[in-house]
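Topology and contacts: notes
Residues per chain, in single letters:
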Amino acid sequence: MRKELISDATLVSSYIKGDESSLEVLIKRHKQRIYSFIYSKVYDRDVAEDIFQDAFIKVIRTLKKGRYNEEGKFLPWVMRISHNLIIDYFRKNNRMPKFDNGGEFSIFSVLSDTSLNAERALIKDQVETDVRRLIDELPEDQREVILMRMYNDMSFKEISERTGVSINTALGRMRYALINMRKIIEKHNIILTN
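All of the points below concern the structure found in this document. (Residues numbered from 1 in each chain as written. Predicted model: local features only at pLDDT ≥ 70, side-chain atom pairs only at ≥ 80, totals over all residues. Heavy atoms only, no water.)

Attention shifts here to the pattern of salt bridges. Per the counting criterion, the structure on display carries 6 salt bridges. Note that lysine 64 and glutamate 20 form a salt bridge whose closest N and O atoms lie 3.1 Å from each other. One end of the pair, lysine 64, is in helix α3 (residues 45-64); the other, glutamate 20, is in helix α2 (residues 20-42), and 44 residues separate them in sequence. Relative accessible area serves as the criterion here: at 54%, lysine 64 is assigned to the exposed category. A residue is classified by how much of its surface remains accessible, and glutamate 20, at 45% relative accessible area, is partly exposed. Glutamate 49 serves as the salt-bridge partner of lysine 31, at 3.7 Å between the closest nitrogen and oxygen. Of this pair, lysine 31 sits in helix α2 while glutamate 49 sits in helix α3, and the two are 18 residues apart along the sequence. Its relative accessible area of 32% is what places lysine 31 among the partly exposed residues. Accessibility expressed as a relative area gives 26% for glutamate 49, which makes it partly exposed. (Salt bridge = Lys/Arg side-chain N within 4 Å of Asp/Glu carboxyl O. Helix = DSSP H or I, 4+ residues; strand = E, 2+ residues; numbered from the N terminus. Buried < 20%, exposed > 50% of the residue type's maximum accessible area, 1.4 Å probe, protein only.)

Take a look at the structure:
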């Protein structure tokens, strides 16, 4: 049977079993779509080419380690890898909001920034939606602190008075809320942009 007619899932499994040419068929089959997607985000041919190659290096590593479990959804999986690499590229070049390690998401300061540049304005709505979905998954006490702090701009002193807990407890809940949000992001492989 000609390789062009074989399904992605079959090609992936024959590549895992050692047939190197199967990967070439997959790359040829999806290159245009993946490359166009990357280029539509970065508008730079060299950068798009680099990200495309990095995506397939990651694909190869994951397949070789036997960690691929996408149940035949090869293209969406590679698109997700590419998307993550695009975000990494923007973060490295300080062209997108990023999480800092200061305990609070710097993303929230971006959400309230009125002079958003075009790039940030595009992702703002989607990020807000994604962040709200994450917050909804938190335990009630943590969700309460996040909402008061981020959306009502309350100080920890005000939060402690409103909720009847000490400032330290309010700070602890905030810390756990952020840790849990990061865990949810990793667990669901959520990308905080569109």
